[in-house]
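# Observations on chain architecture
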Amino acid sequence: MSSEGSPLDTVERSELRTERSTGRRLRGAVAHHLGRAIVSGAIQPGERLTGEVANAEALDVSRSAYREAVQVLAAKGLVESRTKAGTRVLPRSRWNLLDPDILAWAFSGEPDLGFIRDLFELRAIVEPAAARLAATRRTKSDIAAMRAALALMRRHTLATDAGRAADREFHDALLESTHNSALITLSASIGAAVNWTTQFKQRTKALPRDPVPDHARVCDAIVAGDADAAEAAMRALVDLAFDDTRYSMDGLDGR
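All figures in this text were calculated on a predicted structure; none of them were measured in a lab.

Reading guide: rules and limits
- Residues numbered from 1 in each chain as written.
- Predicted model: local features only at pLDDT ≥ 70, side-chain atom pairs only at ≥ 80, totals over all residues.
- Heavy atoms only, no water.
- Phe/Tyr/Trp six-rings, centres within 6.5 Å; stacked < 30°, edge-to-face > 60°.
- Helix = DSSP H or I, 4+ residues; strand = E, 2+ residues; numbered from the N terminus.
- Buried < 20%, exposed > 50% of the residue type's maximum accessible area, 1.4 Å probe, protein only.
- Arc of directions from axis to C-beta.
- Core = buried A, V, L, I, M, F, W, Y, C linked by side-chain atoms within 4.5 Å.
- Expected span 1.5 Å × (residues − 1).
- Contact = heavy atoms within 4.5 Å.
- Polar contact = N/O pair within 3.5 Å; in protein donor to acceptor, adjacent residues only side chain to side chain.
- Salt bridge = Lys/Arg side-chain N within 4 Å of Asp/Glu carboxyl O.

Turning our eyes to something else, we now look at the packing of aromatic side chains. Throughout the structure, instances matching the rule amount to two aromatic pairs. Here the aromatic rings of phenylalanine 107 and phenylalanine 200 are separated by 5.8 Å at their centres, their planes lie at 70°, and the arrangement is edge-to-face. Placement of phenylalanine 107 in helix α5 (residues 100-107) and of phenylalanine 200 in helix α10 (residues 187-200) is noted, with a sequence separation of 93 residues between them. The exposure class of phenylalanine 107 is buried, given its relative accessible area of 1%. When the ring of phenylalanine 120 is compared with that of phenylalanine 242, the centres are 5.1 Å apart and the planes differ by 40°; the resulting orientation is tilted. Of this pair, phenylalanine 120 sits in helix α6 (residues 113-137) while phenylalanine 242 sits in helix α12 (residues 227-248); the two residues are 122 residues apart in sequence, bridging distant segments of the chain.

Here the focus is helix α3 (residues 52-59). Two residues of an α-helix separated by three or four positions point the same way, owing to the 3.6 residues in each turn. Taken residue by residue, α3 has Asn55, Ala56, Ala58 and Leu59 as its buried positions. For α3, the angular spread of buried residues about the axis comes to 165°, placing them on one side. Aspartate 60, located one to two residues past α3, shows a positive phi value of around 60°.

A separate point is the nonpolar core. The biggest cluster of nonpolar side chains holds 67 residues, and the ones touching the most others in it are Ile38, Tyr66, Leu73, Leu78, Phe170, Leu174 and Val218. Element by element, the count of residues in this core is highest for α6, at 10 residues.

Look at α10: 20 Å from first C-alpha to last across 14 residues, which is about the 20 Å you get at 1.5 Å a residue. Burial analysis of α10 places 11 of its 14 residues in the buried class, which makes it a mostly covered element. Buried residues of α10: Ser187, Ser189, Ile190, Gly191, Ala192, Ala193, Val194, Asn195, Thr197, Thr198 and Phe200, and no others. In the core, the buried residues of α10 are packed alongside α5, α6, α8 (161-177) and α9 (181-184).

This part covers the side chain of threonine 87. With respect to the helices and strands, the residue threonine 87 is situated in strand β2 (residues 86-89). For threonine 87, a relative accessible area of 15% translates into the label buried. A distance of 2.7 Å separates the side chain of threonine 87 from the side chain of serine 81, its partner in a polar contact. For threonine 87, the residues in contact, after removing those within four places along its chain, are Glu47, Arg48, Leu49, Val70, Val79, Glu80 and Ser81.

This part takes up the environment of isoleucine 43. You can see isoleucine 43 is positioned in the loop between α2 (26-40) and α3. Considered as a pair, isoleucine 43 and arginine 88 are 45 residues apart in the sequence and their alpha carbons are 9.6 Å apart.

With respect to the helices and strands, lysine 201 occurs in the loop between α10 and α11 (212-224). Between the C-alpha atom of lysine 201 and that of threonine 245, which follows or precedes it by 44 residues, the distance is 5.2 Å.

Time to look at the pattern of salt bridges. Taken as a whole and assessed by the stated rule, the structure comprises 12 salt bridges. Across the pair aspartate 99 and lysine 76 runs a salt bridge whose closest N-O atoms are separated by 3.1 Å. In this pair, aspartate 99 is assigned in the loop between β2 and α5 and lysine 76 in the loop between α4 (63-75) and β1 (79-82), connecting sequence segments 23 residues apart. Glutamate 231 is the salt-bridge partner of arginine 235, the closest N and O atoms lying 3.6 Å from each other. On the criterion of helical spacing, the pair formed by arginine 235 and glutamate 231 is a turn pair, its members being four residues apart in helix α12. When salt bridges that share partners are traced, they join Arg132, Asp228, Glu231 and Arg235 into one network.

Listed below in structure tokens is the structure:
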């Protein structure tokens, strides 16, 4: 899709019909389609979306459904609509890059390699500090949640959907264990980043090693109340996950 050309080609229309036929809510299907095009670079920042009428007709949806989808994208910082000026894609710096939908759209194609590195740098800043807090604040229920997620990860492995879901639950439980409301709000974003990077590094190669023991070391340190060990174990977990990703890609940006 481009700013002034044909809104959609035949393949794109077919994909949208497939998404809609699987039960995806119409507004969500349109937002998903447009969001993926923006995040993938098919529509560049600064470009104007073709008119509401043209896009609604091309997508075979009502104008109200299209308008609602654009509102969803605007809430995520992807686009801005102005009277007479139309709807334009905003600069990447305005995007809510940690929004779980934006992360999903980024990884639905080939994500920017620098963005992957950015996600791991964010995790390296947030998660070791969170593990330190968790070691001093965890409750019995927090420990039970982490252990339950760890047990599911061992049972299913991270090569399966069930195992990756358990991985997200583990990281969610860890952030919950900090009992810091600001950190807990990052759960969805951190969980989405963990999930998509784990899937991404298995696209062409199997995982080079089993990362579950890394999680077990974090859990053990938190259970023991050892803040230093918990922070170090989580830092090692994130660093090793980044190494695994670089291995799966035969190097990330040459590093």
